[in-house]
Amino acid sequence: MSLDTVQNLIREVEDFKIDTSSDLENFRLKFLSKKGLIGEVFSLMKTIAPQDRKQFGQQVNLLKQNAEEKFESFKLQFEEKTEQQQLIDITLPGEPLESGAMHPLSIIRNRIIEIFGAIGFTVSDGPEIEDDWHNFSALNFTEDHPARDMQDTFFVQKNPDLALRTHTSSVQVRIMENNKPPIRTISPGRVYRNEAISARAHCFFHQVEGLYIDKDVSFADLKQTLLYFAKEMFGTDTKIRLRPSYFPFTEPSAEMDISCTFCKGEGCNICKYTGWVEILGCGMVDPAVLENCKIDHQEYSGFAFGMGIERITMLVYDINDLRIFSENDVRFLKQFKGIG
Ligand code: DAH
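None of these values were measured; they are calculated from a predicted model.

Q: Please set out the nonpolar core residue by residue, giving values where relevant.
A: Ranked by size, the top nonpolar core spans 43 residues in total, and within it I112, I258, I279, F305 and M307 carry the most contacts. Broken down by secondary-structure element, the contributors of at least two residues to this core are helix 5 (104–117), strand 6 (204–214), helix 8 (219–234), strand 8 (250–259), strand 9 (276–285), strand 10 (301–308), helix 10 (309–317) and helix 11 (330–333). When neighbours within four sequence positions are excluded, M307 is seen to be in contact with I112, F116, H206, Q207, V208, F229, I279, L280 and I312.

Here's what the structure looks like:
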């Protein structure tokens, strides 16, 4: 074997045309496989005279290295190509991306914000872990009120002065403490109660609190505001009815019904054949609450109301089980695609 043979082989490696993966395989067989030319050259090394071996060895190594590098680089190219072909096979039918949907409670919450926003109500919020003062005492709850019972409220074990707020009325107090009238705001948020979970009750749900404090605010303002809300939310032919009720923080207090949106007042099982469905509690803010929040009740008066977002949502979308709101069942959630 002469040095020329090796140098010719180096050229041959360089000139070998590789266009396809079978060319590449032929290249491997010819040069790099066990019985390939390079193996043969190596086995002939022992026939080389010792004084020529060094120079020979360098050339043989160069030949081997060139062949291996060429093989590896083409191999990589072909692999990338097939990978790309697999990734974008334009003949395959497309895989549409599932778009998400807004949660129905968010849709309705936003709608409530929009409706009250149109008549000047801002949006405010407060903490979900609340102290006794803001959740109960400032709102006139007596010491022995059942809501203060562990059976009804989740207290923080290490500090019984703290509890998960049981209603968004706590935000009322914070707003009145920190702002001067006129105040016109709604406070949507999550609330917690120590209730067994069923179709009609849950240990957490959502409310929207409303508060309006100014000079000369009357019950007529309350009624008109809520009538406007009911018509915007449930349709212009909706009627409202206020029934006397009791809340520690309002005087007088009322519960508001709307005419049943399902049977239009004729009587059905949604309205329990009364033609009316209760949707919220409301009243004139009790002067004692105003004083607790350092607002002069001689100068100012106001109204408040509180409603459950789940309740409104169930009426709007004809949903009959509270639990479904927090189960994250996609079959339920995807029905709200494109809304809101
Ligand atoms: N906080 C009451 C509840 O959770 C709802 C409520 C009733 C809020 C009357 C009010 C109100 O602001 O005036 O049941």
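There's plenty left to go through after this.
Q: Explain the site of the ligand to me, using residue names and the numbers behind them.
A: The full set close to the ligand counts 15 residues, and H167, S169, R193, Q207 and E209 are the nearest of them. Note that a nitrogen atom of the ligand is positioned 3.0 Å from one of the side-chain N or O atoms of S169. Within the side chain of E209, an N or O atom sits 2.5 Å from an oxygen atom of the ligand. Elements represented by at least two residues in the shell around the ligand include exactly helix 7 (169–178), strand 6, strand 9 and strand 10. Taken together, the residues of the shell around the ligand sort by class into five nonpolar, eight polar and two charged.

Q: Residues and numbers for the pattern of salt bridges, please.
A: With the rule as written, the count across this model stands at 16 salt bridges. E98 is the salt-bridge partner of K337, the closest N and O atoms lying 2.9 Å from each other. Taken together, the positions of K337 in the segment after helix 11 and E98 in the loop between helix 4 (53–87) and helix 5 put the pair 239 residues apart, joining distant regions of the chain. Its relative accessible area of 34% is what places K337 among the partly exposed residues. Of the charged contacts in the structure, one is a salt bridge between R243 and D257, with a shortest N-O distance of 2.8 Å. On the criterion of sequence distance, the pair formed by R243 in strand 7 (residues 240–247) and D257 in strand 8 is long-range, its members being 14 residues apart. For R243, a relative accessible area of 25% gives the class partly exposed. Given a relative accessible area of 2%, D257 falls into the buried group. Beyond isolated ion pairs, a larger network of salt bridges with shared partners links R241, R243, E255, D257 and E278.

Q: How would you explain the packing of aromatic side chains if you had to name every residue and give the values?
A: Scanning all chains against the criterion turns up 16 aromatic pairs. Aromatic pair F116 and F305: ring centres 5.1 Å apart, planes at 25°, arrangement stacked. One end of the pair, F116, is in helix 5; the other, F305, is in strand 10, with 189 residues separating them in the sequence. Residue classification places F305 among the buried positions, given a relative accessible area of 1%. An aromatic cluster is present here, built from F116, F121, Y212, F229, F303 and F305 joined pairwise through their rings.

Q: Tell me about the state of the cysteines, residues and numbers included.
A: Throughout the structure, instances matching the rule amount to zero disulfides. A disulfide-free cysteine, C293 has its sulfur positioned 19 Å from the sulfur of C282, the nearest such atom.

Q: Give a detailed account of unusual backbone geometry, specifying residues and quantitative values.
A: Going from P181 to P182, the amide bond is cis rather than trans, its omega being 5°. Tracing the backbone through its elements, the reader meets P182 in the loop between helix 7 and strand 5 (183–192). Even without a glycine there, the phi angle at K272 is positive, about 50°. In this fold, K272 is placed in the loop between strand 8 and strand 9. Overall, K272 belongs to the exposed group, its relative accessible area being 60%. Positive phi values are uncommon outside glycine, yet D318 reaches one of about 55°. Structurally, D318 is set in the loop between helix 10 and helix 11. Its relative accessible area of 48% is what places D318 among the partly exposed residues.

Q: Summarise helix 4; cite the residues concerned and give the values.
A: Here helix 4 contains 35 residues, and its C-alpha end-to-end distance of 51 Å stays within 8% of the 51 Å for a straight helix at 1.5 Å per residue. Check the buried side of helix 4 and you find it contacts helix 1 (3–15), helix 2 (21–32) and helix 3 (37–44).

Q: I'd love a proper account of the domain arrangement of the protein chain, names of residues and values included.
A: Structurally, the protein chain comprises domain 1 (3–87) and domain 2 (104–336). For domain 1 versus domain 2, the separation of C-alpha centres amounts to 81 Å.

Q: Describe a nonpolar patch on the surface, with residues and values.
A: Residues L87, I88 and I90 make up a contiguous nonpolar surface patch of roughly 430 Å² in combined accessible area. Along the chain, L87 turns up in helix 4.

Calculation rules
- Residues numbered from 1 in each chain as written.
- Predicted model: local features only at pLDDT ≥ 70, side-chain atom pairs only at ≥ 80, totals over all residues.
- Heavy atoms only, no water.
- Core = buried A, V, L, I, M, F, W, Y, C linked by side-chain atoms within 4.5 Å.
- Buried < 20%, exposed > 50% of the residue type's maximum accessible area, 1.4 Å probe, protein only.
- Helix = DSSP H or I, 4+ residues; strand = E, 2+ residues; numbered from the N terminus.
- Contact = heavy atoms within 4.5 Å.
- Near = heavy atom within 4 Å.
- Polar contact = N/O pair within 3.5 Å; in protein donor to acceptor, adjacent residues only side chain to side chain.
- Nonpolar A, V, L, I, M, F, W, Y, C, P; charged D, E, K, R; others polar.
- Salt bridge = Lys/Arg side-chain N within 4 Å of Asp/Glu carboxyl O.
- Phe/Tyr/Trp six-rings, centres within 6.5 Å; stacked < 30°, edge-to-face > 60°.
- Disulfide = S-S within 2.5 Å.
- Expected span 1.5 Å × (residues − 1).
- Domains from an automatic or database assignment.
- Patch = residues over 30% accessible without salt bridge, like charges linked within 9 Å, V, L, I, M, F, W, Y side chains within 5 Å.
- Areas by Shrake-Rupley, 256 points an atom, 1.4 Å probe, with all protein chains shown as cover.

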